Structures are given as structure tokens and as C-alpha cells.
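Residue strings, one per chain:
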Amino acid sequence: MSLISLLKKAGANGFGFSSTAEEVTEGLDLTGKKVLITGVNSGLGLETARVLSKRGATVIGLARTLGKAESICLQMNDSYYPLACELSEPQSVLECVETLKNANIQIDALICNAGIMALPKLQQKYGIELQFLTNHIGHFILVNGLAGSLNDYGRVIVVSSAAHKMFSYSNGIQFTNFSGSHGYDSHKAYGHSKLANLLFSNELSRRFDSTNFAANAVHPGVIHTNLVRHYRLLVRYGLRTVEKIFLKTVQQGAATQCYVGVHSDLDGVSGNYFSDCNPSETSEFGQDQDMATRLWDVSEDMVSKLINGGTWVDK
Ligand SMILES: NC(=O)c1ccc[n+]([C@@H]2O[C@H](COP(=O)([O-])OP(=O)(O)OC[C@H]3O[C@@H](n4cnc5c(N)ncnc54)[C@H](OP(=O)(O)O)[C@@H]3O)[C@@H](O)[C@H]2O)c1
């Protein structure tokens, strides 16, 4: 147990920093529920999938390739449905959406979990900085494509991060620098994509107003996973040595997205940001509704360029 686990108290619902995904879903029967999870082959996505499958849900597991999505079959119940979805390739995301629509699958919870962090050097695809493209735009295409496949009371859970506050640009979303060409900082670019995740969830929730759908964002905590693959070996070694004292385990890290994804405590709750399985504070930018609406509009513009074979050019 980490030192923080001992110091942090549980929230009003009895769950907190040290709650695990198994604990927050204990007693739930998810038989008949369909839960889609991106980034299902690793870290928090894998643990989320394993636990929700154990509770009886049909997990639709998305990974960059079908092979990666299939690689976790042995840890899943018989209804597991693996699919390829490379989030940085709009065509791949659209194909995944088409497959699910053709199969007439109605989704109860759509967990936008996949992500990449802190690419040391600027990487671009279709003229867009790769963390923003993967973490935000890929999920934007997926969720919009599947909006009509959400079940009544369907939930969208967007895995953001406290990095939206810690590694923020001073003016929030970089509306004139989605390419990263006009300045790039590996951590701020990650924080930027995570602010986009949060604002996407807020705007989606606003658009869900007067429906039974819900959208919420989460910060899972800090957990040593493959997310740090781009860090230097020494830093990764350092993380390994402090993780038992300060960090969450993967089982604890997956708890918030499982709780927000399926727990009946949150029926009708939308537009919130959760950390340690409880509502939490965002940055000021994280509450900026105008910024969220503007981001949505630009994201639509970007997606329409990309799916028509174009490349994004900063305005
Ligand atoms: N770990 C933390 O401390 C922490 C803190 C705050 C927020 N988060 C967020 O939690 C989420 C899960 O991260 P994690 O810690 O579990 O990291 P992880 O173990 O690296 O898992 C990330 C998953 O995303 C997938 N992915 C990456 N790029 C993709 C792409 N282009 N298309 C499709 N899938 C892609 C990865 O696939 P491959 O294995 O094929 O690369 C992997 O399955 C991320 O959104 C992350 O930002 C994590």
C-alpha cells in the first residue's frame, strides 16, 4: 500500500484514492451491458476491461490492431468483442464505427481511455500534433460516429488527466497552433490534449442536455504504466523506485473510470470531472464553455478536412 493511500481519506461515497476497480464495482451485475473501451491491451484500459468483463459486461475492446485487441481474450468473458481502431488514422476509426453500426450494437458505456504522452520530439500526422490527434481527435470521431449507437441512459467517459492543469499553456487551447509547428513542449502538448479531452466531455454533456445520455471526464491518478514509454530510462527507473510510496497501482488507477462508467450512484450525472472516484476541481480553462464550444467547432472542421483526404493547416 502506498503512503498516499494511508494519508488520503475516502470521499462521501466511501471510495477514494486507494479504491480498486474491483472494489468500486463489487456487487454489480453488468450482464447484458455493453461497454466499449479504447486502448484495451495495456495499463488502465486492460484492467478496466478485465474487471467489467468479470462483472458480466460485454466488453468491446479497441486497440491499434485486431491482434492487440485479441491479445487479452484469455482474461475476458466469452462475450468479448475485439476490434481494431487506430485513433491517429481517421479511416481506421470510421471503419470501426461502421463495423459496430452494421452489427447493430447498442453501447451502455463508451470509455475513451487510449492515449499517448510526452513525445520527446514534435510528431505530426495530417498536419496535426500527434498527441492532440490521437488523444482528442481520434476519440472525437469515434464518439460522434457512435452517438446514435448509445443505449438509453448511455454514458461517455473521457479519460483526461490532472495534466490539463499541471502542464497547461497559459492561454488554454492553442487555436492557432494545432500543428505544434509554432512551438512545441512535450508535456504541455500532452496537457493540451488532456484539456481538449475535458472540454470535449463538457461540450458533449451540454449537447446531451434534455436527453438521457451523460458525458463525464476523469483523472485516474498517477500510475506507472506504458504511458511513460517515451521517458528516459533513468526517469522510468526512478518511477519504479517511488511508485510503491507515492503512486496508485493499476488496479486503483482503473477505479475512477469503472465507477463513472457503470455505477448506479451516478445515474443522471453529467458534465462533471472525477478523480479518486469523486467529483474534483478542474482548471479555469477546464470550465470555459466558450473554449469548449470553439474547440468542438474546430474539431469538426479538422475532421471534415481529414476524412476528405486533406491536411490541417493552422489558421
Ligand atoms: N498512467 C497515468 O499516470 C495516467 C495519468 C493520467 C491520465 N492517464 C490517461 O489514462 C489513459 C490510459 O493510459 P495508461 O496509463 O493505461 O497508458 P498505457 O498503458 O500506455 O495505455 C495506453 C493505451 O492507449 C493505446 N493507444 C496509444 N496510441 C493509440 C492509437 N494511436 N490508437 C489506438 N490506441 C492507442 C495504447 O496502445 P499500444 O499499447 O498499442 O501503444 C494502449 O493500449 C490515457 O488516456 C492517459 O492519458 C494516465
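Before reading further, recall that the structure is shown in the block above.
Just so it is clear, the structure is predicted and the values come from calculations on it, not from any experiment.

So, the packing of helix α6 (residues 130-146) against helix α12 (residues 289-307)
Orientation of α6 relative to α12, taken along the N-to-C sense of each, is 85°, at an axis distance of 10 Å. Taken together, the axes of α6 and α12 are roughly perpendicular relative to one another. Contacts from Ile137, Phe140 and Ile141 in α6 reach Ser299, Met302 and Val303 in α12. Per-class residue counts for the contact of α6 with α12 are five nonpolar, one polar and no charged.

Quick look at the site of the ligand
For the ligand, the set of nearby residues contains 29 residues, the closest of which are Gly39, Gly43, Ala114, Gly115 and Thr225. The element best represented in the shell around the ligand is helix α3 (residues 43-54), accounting for three residues. Its residues assigned to classes, the shell around the ligand comprises 12 nonpolar, 14 polar and three charged.

Looking at the pairing of strand β7 (residues 150-159)
Within β7, seven of the 10 residues are buried, which leaves it mostly tucked inside the rest of the structure. Note that strand β4 (residues 107-112) and β7 share five bridges and pair parallel. The residue bridging leucine 110 from the neighbouring strand is valine 156, located in β7. The pairing of β7 with strand β8 (residues 214-219) spans five bridges and is classified as parallel. Residue pairing in the sheet places valine 159 in a bridge with valine 218 of β8.

Some words on unusual backbone geometry
For tyrosine 153, which is not a glycine, the phi torsion comes out positive at approximately 70°. Within the secondary structure layout, tyrosine 153 lies in strand β7. For tyrosine 153, a count of 13 C-beta atoms within 10 Å puts it in the partly exposed group. One non-glycine residue with positive phi stands out, namely cysteine 277, at about 65°. Considering the arrangement of structural elements, one finds cysteine 277 in the loop between β9 (273-275) and β10 (278-279). Here cysteine 277 falls in the buried class, since 29 other C-beta atoms lie within 10 Å of it.

Describing helix α11 (residues 255-262)
An α-helical segment advances 3.6 residues per turn. Residues three or four places apart therefore align on the same side. Across the eight residues of α11, eight count as buried, placing the element largely inside the fold. Taken residue by residue, α11 has Ala255, Thr256, Gln257, Cys258, Tyr259, Val260, Gly261 and Val262 as its buried positions.

Thoughts on the pairing of strand β1 (residues 34-38)
Buried residues dominate β1, accounting for five of its five residues. Of the two faces of β1, the one holding Lys34, Leu36 and Thr38 and the one holding Val35 and Ile37 are both buried throughout. Across five bridges, β1 lies against strand β2 (residues 58-63) in parallel orientation. When the bridges of β2 are listed, threonine 38 appears paired with leucine 62. Of the crossover connections in this fold, the one passing from β1 over α3 to the parallel β2 is right-handed.

Comments concerning the nonpolar core
In terms of nonpolar packing, the biggest core is built from 80 residues, with Val35, Leu52, Val59, Leu62, Leu110, Ile157 and Cys258 touching the most fellow members. Setting aside residues no more than four positions away along its own chain, valine 35 makes contact with Leu52, Ala57, Val59, Ile60, Asp108, Ala109, Ile111 and Gly261. Residues Ile116, Ala163, Phe167 and Ala189 belong to the second largest nonpolar core, which totals six residues.

About the cut-offs
Residues numbered from 1 in each chain as written. Predicted model: local features only at pLDDT ≥ 70, side-chain atom pairs only at ≥ 80, totals over all residues. Axes fitted to C-alpha atoms, helices over the stretch in contact; angles between N-to-C directions. Helix = DSSP H or I, 4+ residues; strand = E, 2+ residues; numbered from the N terminus. Parallel < 35°, antiparallel > 145°, perpendicular 65-115°, else oblique. Contact = placed C-beta atoms within 7 Å. Nonpolar A, V, L, I, M, F, W, Y, C, P; charged D, E, K, R; others polar. Near = placed C-beta within 6 Å. Buried ≥ 20, exposed ≤ 12 C-beta atoms within 10 Å, placed from the backbone. Pairing = 2+ DSSP bridges. Right-handed = clockwise from strand over helix to strand, strands pointing away. Core = buried A, V, L, I, M, F, W, Y, C linked by C-beta atoms within 7 Å.

None of this, on its own, says anything about what the molecule does.
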